[in-house]
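Coordinate analysis (summary)
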Amino acid sequence: MTCPAPLTDVPLHQHNSFGIASTARWLLPLTDRSQFTEAVDLARLEARRQQRAITVLGGGSNVLLDEVIEGPILQVATRGVHFESLGNSDVLMHVEAGEPWHDVVTQSAAAGLWGIENLSLIPGTVGAAPVQNIGAYGSEISQCLTEVRAIDVRTAIEHTFAANQCAFDYRDSRFKREAGQWLITRVTLRLSRTGKARTDYPGVAAALIASGLASPDSASPAQVVNAIAEIRRRKLPDPAVIGNAGSFFKNPQVSTEIASQLSLDWPKLPTFAVERSEERKLSAAWMIEACGWKGHRQGAVGVSDQHALVLVNHGGGRARDLLALAADIIASVEQRFGVTLEREPVFINGSMP
Ligand code: EPU
């Protein structure tokens with residue numbers, strides 16, 4: 001299938017979960033994987049002509065868009081899911097990058113497969129999921145991802161990365177660190193026909209019991225998907241109702257010494273063990289709330305009154321308003337706790353060379 005002609009002056013407010021009013025000067029929507037090479041070549045020409053970077057956009061659920069994006073945008077909207085049985089209890093699920101992540105979770109659960117059920121209701125596309133190594137309720141995509149295919153936009157050549165080549169970390173990967181270089185085209189997950197509900201994260205077992213199950217151990221993947229979705233609906237603001245990108249900050253990791261000192265000073269501050277590390281993770285939401293930000297409104301933007309880690313767009317907010325609010329929050333948390341918060345969503349600077 002040949003590439004469509006690029007679109008010009010495309011409004012993007014419905015293509016980012018913050019609902020920020022933004023305009024794309026040059027945008028190519030891609031619906032078929034056979035279009036990728038030609039599309040990347042076209043975007044490279046446009047990027048060279050303008051001396052600007054190429055932006056790859058998926059569901060727009062982890063971005064802060066500038067008012068105008070001058071450089072070329074490739075919008076990945078390819079669909080398709082293919083299951084491959086491995087002969088034992090394992091099944092590979094090959095998914096095209098434009099599939100909405102939650103649809104993949106429900107399809108996997110409907111097939112009775114275990115692996116991604118705790119990652120229910122996370123907004124965004126499959127192609128974006130490995131970039132920030134999406135994680136929630138005790139699971140991360142890196143735990144069952146086996147392969148990522150991605151095109152290097154500098155050369156238009158597709159590469160295949162095994163999981164151990166993706167440099168996955170908490171909300172991090174090589175695709176995030178090498179921002180602007182990779183267009184993810186396909187992701188492969190290794191799922192299992194056997195398993196049981198992962199209930200280590202506080203509240204998961206209670207939600208399964210509340211859904212009518214006698215024991216969390218008798219839950220099916222679909223029942224876990226529904227229970228996690230119920231927790232998220234209760235705890236997090238819905239981007240369809242009020243613009244947001246989920247957690248705006250990462251939970252900071254500090255040494256055990258710093259964590260112990262903070263726990264002495266602030267006994268209620270939740271701290272968590274970090275896998276494969278001596279460090280401890282601190283609850284950013286708790287620190288932000290303790291500084292009085294929860295529910296605070298600053299013009300068109302603010303902090304959610306449901307969850308202190310989530311910044312919201314009440315309507316008409318711009319990326320720069322959210323960045324200014326975030327800077328104020330970072331400064332106040334730093335002043336009170338001596339800890340520096342790090343932003344999660346990626347700022348797409350519209351005039352970036
Ligand atoms: N808390 C507060 N105030 C709040 C909200 C939470 O003090 O307004 C405290 C509570 O003590 C609570 C603790 O923070 O027990 C943890 O809250 P929660 O379970 O909501 O988890 P989180 O650490 O704030 C992380 C992820 C979420 C993910 C949840 C569940 C990050 C940056 N965020 O939030 O991810 O859903 O755990 O696993 O790691 C996202 O990335 O967009 C996202 C929502």
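Residues numbered from 1 in each chain as written. Predicted model: local features only at pLDDT ≥ 70, side-chain atom pairs only at ≥ 80, totals over all residues. Heavy atoms only, no water.

**Comments concerning the overall build of the chain**
Applied cut-off: Runs of H or I in DSSP of at least four residues are treated as helices and runs of E of at least two as strands, each being numbered from the N terminus. C-alpha atoms define the radius of gyration, and 2.2 Å times the number of residues to the power 0.38 defines the globule rule. Three labels apply to residues, based on accessible area from a 1.4 Å probe with only protein chains included: buried if under 20% of the type maximum, exposed if over 50%, partly exposed otherwise in between. The contact criterion used is simple: two residues touch if any of their non-hydrogen atoms lie within 4.5 Å. Accessible surface is estimated by sampling points in the Shrake-Rupley manner with a 1.4 Å probe; for residues, cover comes only from the protein chains shown. A residue counts as positive if it is Lys or Arg and as negative if it is Asp or Glu; His and the chain ends are not included. Charge placement uses NZ in Lys and CZ in Arg. For Asp and Glu, CG and CD serve respectively.
Helix and strand content of the chain: eight helices and 22 strands. Taking 20 Å as the expected radius of gyration for a compact globule of 353 residues, we find that the chain reaches 21 Å, a close match to that expectation. Expressed along its principal axes, the backbone C-alpha trace of the chain runs to roughly 60 × 55 × 35 Å. The buried share of the chain, reckoned over its 353 residues, is 48%. Across the chain, every contact between residues at least 6 apart in sequence was considered, and the portion connecting residues at least 24 apart equals 63%. Per element, the accessible surface of the chain, about 15900 Å² overall, is 50% carbon and sulfur. Distance between charge centres in the chain, computed from 33 positive and 37 negative side chains, equals 1 Å.

**Some remarks on the domain arrangement of the chain**
Note the following rule: Domain extents, as shown, originate in an automatic or database domain assignment. Defined in terms of a 1.4 Å probe, buried area is the accessible area two parts forfeit on being brought together, summed over both. Whenever Lys or Arg places a side-chain nitrogen within 4 Å of a carboxyl oxygen from Asp or Glu, that contact is recorded as a salt bridge. The term polar contact refers here to a pair of N or O atoms within 3.5 Å; inside protein, the definition further demands a hydrogen-donor-capable atom paired with an acceptor-capable atom, and it admits residues adjacent in sequence only when both atoms are side-chain atoms.
Domain parsing of the chain yields domain 1 (10-76), domain 2 (81-235) and domain 3 (243-348). Computed over C-alpha atoms only, the centres of domain 1 and domain 3 are separated by 29 Å. The contact between domain 1 and domain 3 buries some 1300 Å² in all, and 59% of this surface belongs to carbon and sulfur atoms. When the area that domain 1 buries against domain 3 is broken down by residue, the three leading residues are Phe-18, Asn-62 and Leu-64, summing to 52%. The partner of Glu-67 in a salt bridge is Arg-320, and the shortest N-O contact between them spans 2.7 Å. Where domain 1 touches domain 3, the interface holds eight residue pairs in polar contact (both at pLDDT 80 or more). Top element by residues in the side of domain 1 that touches domain 3 is strand β5 (residues 63-65). It accounts for three residues.

**Some details on the pattern of salt bridges**
Scanning all chains against the criterion turns up 22 salt bridges. In this structure, Asp-90 and Arg-190 form a salt bridge, with 2.8 Å as the shortest nitrogen-oxygen distance. Highlighted residues: Asp-90 in strand β9 (residues 90-96) and Arg-190 in strand β14 (residues 182-192), separated in sequence by 100 residues. Accessibility expressed as a relative area gives 15% for Asp-90, which makes it buried. Accessibility expressed as a relative area gives 38% for Arg-190, which makes it partly exposed. In this structure, a network of salt bridges that share partners links the residues Arg-33, Glu-96, Glu-158 and Arg-186.

**A look at the site of the ligand**
Basically, it comes down to this: Distances are taken per atom, and a residue is near a molecule or strand as soon as one of its heavy atoms is within 4 Å of it.
With respect to spatial proximity, 23 residues lie near the ligand, and among them Tyr-137, Arg-171, Tyr-201, Glu-289 and His-307 are the closest. Separating an oxygen atom of the ligand from a side-chain N or O atom of Arg-232 is a distance of 3.5 Å. Measuring from an oxygen atom of the ligand, one finds a side-chain N or O atom of Ser-283 at 2.9 Å. In isolation the ligand has 830 Å² of accessible area, and contact with the protein removes 82% of it. Those elements giving two or more residues to the shell around the ligand turn out to be α5 (221-235), β15 (243-247) and α7 (284-290). At three residues, α7 tops the list of elements feeding residues into the shell around the ligand. In terms of domain composition, the shell around the ligand takes at least three residues from each of domain 2 (81-235) and domain 3 (243-348).

**Digging into the sheet that holds strand β16 (residues 253-254)**
What counts, and what does not: Criterion used throughout: strands pair if DSSP finds at least two bridges between them. The convention used is that axes are lines fitted to C-alpha atoms, helices contributing only their stretch in contact, and that angles between N-to-C directions extend from 0 to 180 degrees.
With antiparallel pairing, three strands are arranged side by side in an open sheet as β16-β18-β17. The open sheet has two edge strands, β16 and β17 (271-273), and neither has a second partner. One ladder, built from three bridges, connects β17 with strand β18 (residues 280-282); its direction is antiparallel. Across the sheet, Thr-271 pairs through a bridge with Leu-282, a residue of β18. Packed onto the sheet, helix α6 (residues 256-265) meets β16, β17 and β18 and runs at close to 45° relative to β18.

**Examining the packing of helix α2 (residues 101-110) against α5**
Going by this rule: Two helices cross in a left-handed way if the nearer one is turned anticlockwise from the farther one by less than a right angle. They cross in a right-handed way if the turn is clockwise. Each residue gets one label: Ala, Val, Leu, Ile, Met, Phe, Trp, Tyr, Cys and Pro are nonpolar, Asp, Glu, Lys and Arg are charged, and the others, such as Gly, are polar.
In the contact formed by α2 and α5, the axes pass within 8 Å of each other and the chain directions differ by 145°. Taken as a pair, α2 and α5 cross one another with a handedness that is left-handed. Residues His-102, Val-105, Thr-106 and Ala-109 of α2 lie in contact with α5, whose contacting residues are Pro-221, Ala-222 and Val-225. Counted by class, the contact of α2 with α5 contains five nonpolar, two polar and no charged residues.

**Some thoughts on the sheet that holds strand β2 (residues 23-24)**
By definition, the strands of a sheet pair up through backbone hydrogen bonds, in either a parallel or an antiparallel sense. Spatial strand order, β1-β2-β6: three strands in an open sheet with mixed pairing. Only two strands of the sheet have a single partner each, and these edge strands are β1 (10-11) and β6 (68-69). Pairing of β2 with β6, which is carried by two bridges, proceeds in the parallel orientation. Among the inter-strand pairings, Ala-24 is bridged to a residue of β6, identified as Ile-69.

**Points about the side chain of Ser-22**
Position of Ser-22 relative to the elements: it lies in the loop between β1 and β2. We classify Ser-22 as buried; its relative accessible area is 5%. Side-chain polar atoms of Ser-22 contact the backbone oxygen of Asp-66, separated by 2.7 Å. With sequence-adjacent residues up to four places away left out, Ser-22 is seen in contact with Val-10, Pro-11, Leu-12, His-13, Leu-65, Asp-66, Glu-67 and Ile-69.

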